[in-house]
Amino acid sequence: MNLAIKDIRYHLFKFITSTIGVGLILMVVLTIGGIIRGVILDSATIIQATGADLWVVEKDWLGPFVEISRLPEDYYHAIQAMHGVAEASPLATAWVHVERPFRPTPLMKFMYMNTVIGTRTMVRPGWMAIPHDLRFIVIGYEPGHIGGPPVIVAGRGIEASHYEIVADVRTGLQIGERIRMGDFDYTVVGLTKNMVAFTADPVIYATLDDAQNILFEADPDLLRNIRRRTRQQVLGAAQIAPRLSDPLANQASQIAENVSLVNAVAVKVKPGVPVETVAHEIERWKHLTVYTSAREVNMQLMGSNRLILLQLSLFRLILLVIAGVIIGLITYTFTLDKLKEIAVLKLLGTQTRRIYAMILEEAVLMGLLGTLLGATLEFASEPYFPRRVVATRGDVVQMLVVITVIAVLASIMAIRRATKVDPRSVLGT
Amino acid sequence: MEYAIQATDLSKSYGQGHTQVDALKGVNMTVRPGELFAIMGPSGSGKTTLLMILGLVTEPSEGRVLLEGQNIYNGTGLDLQRLRREKIGFIFQFSNLIPFLTAKENVLLSLELIGIFGRQADARAMELLEYLEVADRAGNLPEHLSGGERQRVAVARALANNPAIILADEPTAALDTERGLSVMRLLRKVSKEQGTAILVVTHDTRMISEVDGVIRLMDGRMVESDGSKQQSQPQSSR
Ligand SMILES: Nc1ncnc2c1ncn2[C@@H]1O[C@H](COP(=O)(O)OP(=O)(O)O)[C@@H](O)[C@H]1O
Ligand SMILES: [Mg+2]
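From a predicted model like this one, the values you see are computed outputs, not experimental measurements.

Would you take a moment to explain the pairing of strand 8 (residues 197–201) of chain B for this structure?
Every other side chain in a regular strand lies on the same face of the sheet, so the side chains alternate between the two faces. Residue and element names in this part refer to chain B. Across the five residues of strand 8, five count as buried, placing the element largely inside the fold. Residues Ala-197, Leu-199 and Val-201 line one face of strand 8 and the alternating positions Ile-198 and Val-200 line the opposite face, and both faces are buried. With four bridges joining them, strand 3 (residues 36–40) and strand 8 adopt parallel strand pairing. Paired with Phe-37 across the strands is Leu-199, a residue of strand 8. The pairing of strand 7 (residues 165–169) with strand 8 spans five bridges and is classified as parallel. The residue of strand 8 that forms the bridge with Ile-166 is Ile-198. In this view, the connection linking strand 7 to its parallel neighbour strand 8 by way of helix 6 (residues 177–194) has right-handed handedness.

What follows is the structure in structure tokens.
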């Protein structure tokens, strides 16, 4: 006869409600862990999907995502030819927004409202208004090179050299839909999924040429700048032939305008070749900065992102401590409620270890069931969060271990209390 | 004839110095198998203390207890818990059945403690409940039993391990006279038919008719041990 099971059967309502309570707390702990991981994974998504080992950017710029770096497109040919390089792919990235009536789901509306209400004081309502434009990142890649969409979940990949795009499902764009970016219309020919920038903005893939068009259209100042700078440089250099200097400068600025720029060159290193060696090689060759993929992800988790993660992690720890205290208290009071029965069991000569086993089994069972419930609820609720939430089985296992340890510790405390029970307490006076 | 339990010069003091309480002062008594004795005395006279010492719950300050001839408090560290579950049956004032176990499970638990499991335990538990006329309540939790039924189940539980002695501390106090008497008669029946030695603490003088003798305590001393109904007198002190 298992005393723990019998006792649970008797106190079923109390046991179930307590277990649900434990489960809900653990669900929150798991969710926060999932939110943290989601932000980190979002930051790594593009980098990982590209499959590059190194990212070549303009000297001293934190490109290509955190800051705008620019380098001539044709550098990639030279990089491709370098020793140890398996593949070099030029990439152009542009943040683009289109105005779009944003139709939030009721859940999304609720989340906005909830946030506004939750921060009512000191926060102006307009600061948290529902936006009416969709922002995304356009990634232009050379078809056939790395950097394109890793999966196509609907439609097809880009086949034409112009005006076709593959969008992440989160953009809300449909296949066949046309959107205007810069001076041209682009047609959605395929959908990919789970591709977001570190800002959680969804990705749109385009050909390198198209992306460059969009990029420069979005930045006419840059063009003017290039034109002026080149002109001035040529003017300075051409002083020996003053009569020629003006037409020369004009010519040069025209050429400069036509030089295609990219934001980065993604480099895949040949197997067996040390990544650092190739990185040094590239940096020596030109005034460029080369980052490893890990460093790229790390850069994207700078500033606000990183601090929010640290805050959330701390919050998760606090919650875990609270969960531990609550589980401990529940276990302890469960035992306190049974002190009289424990005294009777002792008088009947029940083996001490059997009494302890009853206390321990109930606590551990509650911890296990609570964790499983929490995990189930967490996994079920993940899709309803506005941003990626990714809890793993590893998280659940970790939680099981922590909760079991807590349950055992609480049981030991409860058992110590139980050993002090005077069997006399159930005898007559 | 062998004694179920034999106590010699039992003394028990609680506390020390000027707060010391002498709960028992040199008590001698013997109970044979099949004998039913009542322990009577005013509140604070040491009845429960005596029962606890005989029930291997509390060590006496002085004196000797022989349980079926075995010297219990001889300082050799006997497994008292084990002796308790094998040789002693307890019945308490408020029955103290385990509330989360059914009547039958309460009896089964005591059987389990002495190593009887499965079908054999089942049969024995039902047999005991039938013997105490509560078999039809076997599947009920204690809270769904009446006070009298609870005490019957408690007696069944106390009998489960076929104990050398049953110790009952005011088992009838929470019952009305009618039910109290019926429980006493039950104990009487048990002691006669099962040959179990039984010691019952009670306040109710009407119960005297059912017992073989009365041990009267006053301030920790035995003032009278009336064994007139028994053919052989239990030994009385000094
Ligand atoms: N654990 C204890 N500590 C101190 N004094 C006690 C303790 N248990 C009993 N006593 C005292 O011992 C005396 C006998 O108590 P008890 O055996 O409970 O008497 P009864 O059961 O006859 O009422 C009482 O004076 C009581 O106050
Ligand atoms: Mg008493």
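Is there a simple way to think about the site of ligand 1 in this case?
Surveying the vicinity of ligand 1 reveals 13 residues, the closest of which are Arg-424 of chain A together with Gly-44, Lys-47, Thr-48 and Thr-49 of chain B. Proximal residues around ligand 1 fall on chains A and B, making this an inter-chain site. Taking Gly-46 of chain B, its main chain carries an N or O atom lying 3.1 Å from an oxygen atom of ligand 1. A distance of 2.7 Å separates an oxygen atom of ligand 1 from a polar atom in the side chain of Thr-48 of chain B.

How do you make sense of empty space enclosed by the protein when you look at a structure like this?
Unfilled space is identified by rolling a water-sized probe across the atoms. As enumerated under the stated definition, the model contains two cavities of 30 Å³ or more in all. Here the largest cavity defines a volume of roughly 80 Å³. Taken together, Leu-347 and Leu-348 of chain A together with Arg-84, Arg-85, Ile-88, Gly-89, Phe-90, Ser-110, Leu-113, Arg-157, Ala-158 and Asn-161 of chain B make up the full set of residues lining the largest cavity. At the level of secondary structure, the elements contributing two or more residues to the lining of the largest cavity comprise helix 2 (80–87), strand 6 (88–91), helix 3 (103–113) and helix 5 (147–160) of chain B. Per-element accounting of the lining of the largest cavity gives the leading share, three residues, to strand 6 of chain B. What lines the second largest cavity is simply Thr-331, Phe-334, Thr-335, Lys-338, Ile-359, Glu-362, Ala-363 and Met-366 of chain A. At the level of elements, helix 10 (303–336) and helix 12 (352–381) of chain A are the ones that each hand at least two residues to the lining of the second largest cavity.

When you look at the nonpolar core in this model, what are you seeing that I'm missing?
Core analysis: the largest hydrophobic core is formed by 54 residues, its most contacted members being Met-29, Leu-50, Leu-54 and Leu-199 of chain B. The biggest single contributor to this core is helix 11 (residues 339–347) of chain A, with six residues. Residues within four places of Leu-199 of chain B in sequence aside, it is in contact with Met-29, Val-31, Phe-37, Ile-39, Leu-51, Leu-54, Ile-165, Ile-166, Leu-167, Ala-168 and Ile-215 of chain B. Judged by nonpolar contacts, the second largest core, of 49 residues, contains Ile-146, Ala-264, Tyr-291 and Leu-320 of chain A.

I keep staring at the packing of aromatic side chains and nothing clicks. Help me out?
Between two aromatic rings, the relevant description is the distance of the centres plus the angle of the planes. Residues and elements named next belong to chain A. Following the criterion strictly, the structure yields eight aromatic pairs over all chains and no others. When the ring of Phe-15 is compared with that of Phe-334, the centres are 6.5 Å apart and the planes differ by 70 degrees; the resulting orientation is edge-to-face. Here Phe-15, found in helix 2 (residues 12–50), pairs with Phe-334, found in helix 10; they are 319 residues apart in sequence, far enough to count as distant. For Phe-15, a relative accessible area of 4% puts it in the buried group. A connected cluster of aromatic rings, assembled from ring pairs, spans Tyr-163, Phe-184 and Tyr-186. Of note, Lys-14 hangs over the ring of Phe-334, and the distance from its end group to the ring centre comes to 4.4 Å.

Can you walk me through the interface of chain B and chain A in this structure?
A common way to state how big an interface is: give the accessible area lost once the parts meet. On the chain A side, the residues contacting the 28 residues of chain B number 26 residues. Taken together, both faces of the contact between chain B and chain A bury some 2,600 Å²; the carbon and sulfur share is 61%. Of all residues in chain B, the largest losses of buried area upon contact with chain A belong to Asn-96, Phe-100 and Leu-113 of chain B, amounting jointly to 23% of the total for that side. At the junction of chain B with chain A, the criterion picks out three salt bridges. Between Arg-9 of chain A and Glu-105 of chain B there is a salt bridge, with the nearest N and O atoms lying 3.0 Å from each other. On inspection of chain B and its partner chain A, the count reaches twelve residue pairs in polar contact (both at pLDDT 80 or more). Those elements giving two or more residues to the side of chain B that touches chain A turn out to be helix 1 (47–54), helix 2 and helix 3 of chain B.

Which parts of the structure should I look at to understand the pattern of salt bridges?
Side chains that carry opposite charge are capable of pairing whenever their charged atoms lie near each other. Per the stated rule, a full pass over the model turns up 26 salt bridges over all chains. Of the charged contacts in the structure, one is a salt bridge between Lys-6 of chain A and Glu-105 of chain B, with a shortest N-O distance of 2.6 Å. Linking Lys-6 of chain A in helix 1 (residues 3–10) with Glu-105 of chain B in helix 3, this pair reaches from one chain into another. You can call Glu-105 of chain B buried: its relative accessible area is 10%. Note that Arg-37 of chain A is salt-bridged to Asp-395 of chain A, the shortest N-O span being 2.7 Å. Taken together, the residues span a long stretch of sequence, with Arg-37 of chain A in helix 2 and Asp-395 of chain A in helix 13 (residues 393–419) at a distance of 358 residues. Assessed through its relative accessible area of 24%, Arg-37 of chain A is described here as partly exposed. Look at the salt bridges and you will find they share partners, linking Lys-6 and Arg-9 of chain A together with Glu-105 of chain B into a network.

When you look at the environment of Met-181 of chain A in this model, what are you seeing that I'm missing?
Residues and elements named next belong to chain A. Topologically, Met-181 is positioned in strand 7 (residues 178–181). Along the chain, Met-181 and Leu-215 lie 34 residues apart, while their C-alpha atoms are 9.4 Å from each other. Beyond its immediate chain neighbours, meaning those up to four positions away, Met-181 contacts Val-96, Phe-136, Val-138, Ile-165, Tyr-186 and Ile-214.

Please explain the pairing of strand 3 (residues 85–99) of chain A as it appears in this structure.
Residue and element names in this part refer to chain A. For strand 3, the buried fraction is high: eleven of the 15 residues fall into the buried class. Examined bridge by bridge, strand 3 and strand 11 (residues 264–269) share six bridges and lie antiparallel to one another. When the bridges of strand 11 are listed, Glu-87 appears paired with Lys-268.

What am I meant to see in the packing of helix 3 of chain B against helix 5 of chain B here?
Two quantities define a packed helix pair, namely the angle between the axes and the distance from one axis to the other. All names here are of chain B. Packing of helix 3 against helix 5 leaves a shortest axis separation of 8 Å and a crossing angle of 20 degrees. Classified by the angle their axes make, helix 3 and helix 5 are roughly parallel. For the pair helix 3 and helix 5, the crossing hand works out as right-handed. For the pair helix 3 and helix 5, contact is made by Ala-103, Asn-106, Val-107, Ser-110 and Leu-111 and by Val-153, Ala-156, Arg-157 and Ala-160, respectively. The residue inventory of the contact of helix 3 with helix 5, partitioned by class, reads six nonpolar, two polar and one charged.

Procedures and definitions
Residues numbered from 1 in each chain as written. Chains lettered and ligands numbered in written order. Predicted model: local features only at pLDDT ≥ 70, side-chain atom pairs only at ≥ 80, totals over all residues. Heavy atoms only, no water. Buried < 20%, exposed > 50% of the residue type's maximum accessible area, 1.4 Å probe, protein only. Helix = DSSP H or I, 4+ residues; strand = E, 2+ residues; numbered from the N terminus. Pairing = 2+ DSSP bridges. Right-handed = clockwise from strand over helix to strand, strands pointing away. Near = heavy atom within 4 Å. Polar contact = N/O pair within 3.5 Å; in protein donor to acceptor, adjacent residues only side chain to side chain. 1 Å grid on protein atoms, 1.4 Å probe; cavity = no way out; pocket = protein on both sides within 12 Å on 5 of 7 lines; lining within 4 Å. Points joined across faces, edges and corners; volume = space filled by probe spheres on them. Core = buried A, V, L, I, M, F, W, Y, C linked by side-chain atoms within 4.5 Å. Contact = heavy atoms within 4.5 Å. Phe/Tyr/Trp six-rings, centres within 6.5 Å; stacked < 30°, edge-to-face > 60°. Lys NZ or Arg CZ within 6 Å of the ring centre and 35° of its normal. Buried area = accessible area lost by both parts, 1.4 Å probe. Salt bridge = Lys/Arg side-chain N within 4 Å of Asp/Glu carboxyl O. Axes fitted to C-alpha atoms, helices over the stretch in contact; angles between N-to-C directions. Parallel < 35°, antiparallel > 145°, perpendicular 65-115°, else oblique. Left-handed = near helix turned anticlockwise from the far one by under 90°. Nonpolar A, V, L, I, M, F, W, Y, C, P; charged D, E, K, R; others polar.

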